[in-house]
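# Structural characterization, general
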Amino acid sequence: MLISEFAAAAGLSRDTVRYYMRLGLLQPKTNGKGGSKPYHFFNSEDMQAVEVIRIGQALGWSLKDIAALDTERRENGIDGARAVEILRAQLAQLEAKAADLARMTDYLRKKIDWLASGERGAQPGFGVCGCEVALPEI
């Protein structure tokens, strides 16, 4: 299928498909027709690549990270041990983000409670840096 058909089937814009091609995430076949801008033909492997991109993004990887992993996979292959290494590193990053979100959520709950109580007691500190510095009143 051509780019417009592929983009519609994948739920992407043509510009996004072209961007993924520039990053090397999609590598459709060409037939040499079309002069300096040859026709690109997409297949089920390209559709699979889009799904991998979506999953990678959902797991928190950037397109640059996804492209690097795809290049590594194509050039060297990724065995089970390497896959575990990659996934553990991403899990550690997600766990760190989850801890940050938990701290922010805790702060917001305390701040809401403090405001709702008529600002009685000490204003809750944010504590992101390990210090309990109170933020300016909002």
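The structure this text deals with has already been given above.
Attention in this report is confined to the structure presented alongside it.

What counts as what
Residues numbered from 1 in each chain as written. Predicted model: local features only at pLDDT ≥ 70, side-chain atom pairs only at ≥ 80, totals over all residues. Heavy atoms only, no water. Patch = residues over 30% accessible without salt bridge, like charges linked within 9 Å, V, L, I, M, F, W, Y side chains within 5 Å. Areas by Shrake-Rupley, 256 points an atom, 1.4 Å probe, with all protein chains shown as cover. Salt bridge = Lys/Arg side-chain N within 4 Å of Asp/Glu carboxyl O. Helix = DSSP H or I, 4+ residues; strand = E, 2+ residues; numbered from the N terminus. Buried < 20%, exposed > 50% of the residue type's maximum accessible area, 1.4 Å probe, protein only. Arc of directions from axis to C-beta. Contact = heavy atoms within 4.5 Å. Phe/Tyr/Trp six-rings, centres within 6.5 Å; stacked < 30°, edge-to-face > 60°.

Once that is clear, we can look at a nonpolar patch on the surface. On the surface, Leu-2, Tyr-39 and Phe-41 cluster together to form a nonpolar patch covering roughly 260 Å² of accessible area. Within the fold, Leu-2 resides in the segment before helix 1 (3–10). Of the residues examined, Leu-2 reaches a relative accessible area of 33% and is grouped as partly exposed.

A separate point is helix 1. Because each turn of an α-helix spans 3.6 residues, side chains separated by three or four positions in sequence point in the same direction. Residues of helix 1 that are buried: Ile-3, Phe-6, Ala-7 and Ala-10. Looking down the long axis of helix 1, one finds its buried residues gathered within 100 degrees of arc, a one-sided arrangement. For helix 1, the secondary structure elements touched by its buried residues are helix 2 (14–23), strand 2 (40–41) and helix 3 (44–58). Immediately beyond the C-terminal end of helix 1, within one or two residues, lies Gly-11, with a positive phi of roughly 75 degrees.

The tally for this structure, following the rule as stated, stands at 1 aromatic pair. Between Phe-6 and Phe-42, the ring centres sit 4.3 Å apart and the planes meet at 10 degrees, which makes this aromatic pair stacked. Taken as a pair, Phe-6 in helix 1 and Phe-42 in the loop between strand 2 and helix 3 lie far apart in primary sequence, 36 residues in all. The residues Phe-6 and Phe-42 share a single accessibility class, namely buried.

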